[in-house]
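One letter stands for each residue in the lines below.
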Amino acid sequence: ELADKLSKTGFQVYRFDFSGCGESEGDYSETSLTKQEEDLESILDYVKSRSEVDNSRIGILAQSFGTSVTIALQPNVKAIMLMGSVSHCAELFKEYFGDKYRPNKISEKIKSDGRIIQVKPIFWKSFDKHNLIESITRIHCPILFLHGEKDNKVPISEMEAFFKAGNKPKEKIILKNAGHGLKPKREKMYQIAVNWFKKHL
C-alpha cells in the first residue's frame, strides 16, 4: 500500500522482502544482520544500475529490523525514513524469543498466526560485529524517525537512541495510538512518507 501511494505520487519504487521473508526465496533460519545488510547492498547496486534511476536522488524507507539493516549498511543515499527503529538488536531479539532463546542452537518463536520463526547461532553472532549507534553517526543524509506511540514490540527508547546519535538534519514523529505496524494510523503514515520524500528527493 505504501509503495503504491509513493508510485502514484510520482516516485519510482523498488519494494522487496529480505531473503526468506514474504515472497522472497531463501531460508530465514540462515538470516543475520550481516546477511540482510548484504541483501540491501545488492538491491541498491541493482537500483543504481537502472538507466531510468537518478542515482543522486535515491531514498530508503525501512521498517522494524529493516531499520537496523539500513543503519548497518550506512548507505550513500539522499534521504532515509525509519519506522519502528531497532537500535539494540541483540537485547530486543532475546526478549522476543523469550524462553526459546538459544544462542548456540536454534532459537524459535511461534507467531500469533501459528508460523514458526527459527534462527541459527549466526543470527546472534552477527550482532557482535555491529555497533548501530556508532554506525548512524557516519550517515549524513536527512533521516526521519517515525514510531508508534503504542508500539508494544519495539519501545520508543530504541528510536530515541538512534535520534540522539544521528546527525542533523533529522526529525522524529510519534504517531499517537499507533502500534508497531502503525495501525490504525497507516493513512497518516503514508502521507508523512510522501511529504518527506517530496521534500528531500
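Each remark here, short or long, concerns the structure printed above.
Residues numbered from 1 in each chain as written. Predicted model: local features only at pLDDT ≥ 70, side-chain atom pairs only at ≥ 80, totals over all residues. Heavy atoms only, no water.

Undergrad: Explain the overall build of the protein to me, please; I cannot follow it from the model alone.
TA: Check the secondary structure of the protein and you find eight helices and six strands. For a compact globule of 201 residues, the expected C-alpha radius of gyration is about 17 Å, and the protein comes in at 17 Å, within 12% of that figure. Overall size of the protein, expressed as C-alpha extent along the three principal axes, is 45 × 40 × 35 Å. The buried share of the protein, reckoned over its 201 residues, is 42%. In the protein, the proportion of contacts linking residues at least 24 apart, taken out of those at least 6 apart, comes to 63%. (Helix = DSSP H or I, 4+ residues; strand = E, 2+ residues; numbered from the N terminus. Rg over C-alpha atoms; globule rule 2.2 N^0.38 Å. Buried < 20%, exposed > 50% of the residue type's maximum accessible area, 1.4 Å probe, protein only. Contact = heavy atoms within 4.5 Å.)

Undergrad: Please clarify how the packing of aromatic side chains should be interpreted in this entry.
TA: Centre distance and the angle of the planes are the two values used to describe a pair of aromatic rings. The tally for this structure, following the rule as stated, stands at 18 aromatic pairs. Consider the rings of F16 and F18, whose centres lie 5.2 Å apart with planes at 80 degrees: the pair is edge-to-face. Judged by its relative accessible area of 28%, F16 is partly exposed. What makes F18 buried here is its relative accessible area of 13%. Among the aromatic side chains, those forming a connected cluster through ring pairs are F65, F93, Y96, F97, Y101, F123, W124 and F127. The ring of Y96 has K109 sitting right over it, with the charged end atom 4.9 Å from the ring centre. A cation over a ring is seen here: K170 above F163, with NZ or CZ 4.8 Å from the ring centre. (Phe/Tyr/Trp six-rings, centres within 6.5 Å; stacked < 30°, edge-to-face > 60°. Lys NZ or Arg CZ within 6 Å of the ring centre and 35° of its normal.)

Undergrad: What exactly am I supposed to notice about the environment of I116 here?
TA: Take I116: it is sitting in strand β4 (residues 116-119). Taking the C-alpha atoms as reference points, I116 and H147, 31 residues apart in sequence, are found 26 Å from one another. When sequence neighbours within four positions are dropped, the list of residues in contact with I116 reads E108, K109 and I110.

Undergrad: Honestly, the side chain of S29 in this entry has me stumped. Any pointers?
TA: Residue placement: S29 occurs in the loop between α1 (2-9) and α2 (33-49). Ignoring sequence-local partners within four residues, the contact set of S29 consists of Q118, V119 and K120.

Undergrad: Sorry, what's going on with helix α8 (residues 186-200) here?
TA: Helical periodicity: at 3.6 residues per turn, an α-helix aligns residues three or four positions apart in one direction. Between its first and last C-alpha, α8 extends 21 Å over 15 residues, near the 21 Å set by a 1.5 Å rise per residue. Burial in α8 covers these residues: M189, Y190, I192, A193, V194, W196, F197 and H200. The inward-facing, buried residues of α8 abut α1, β1 (59-63), β2 (79-83), β5 (143-148) and β6 (170-175). (Expected span 1.5 Å × (residues − 1).)

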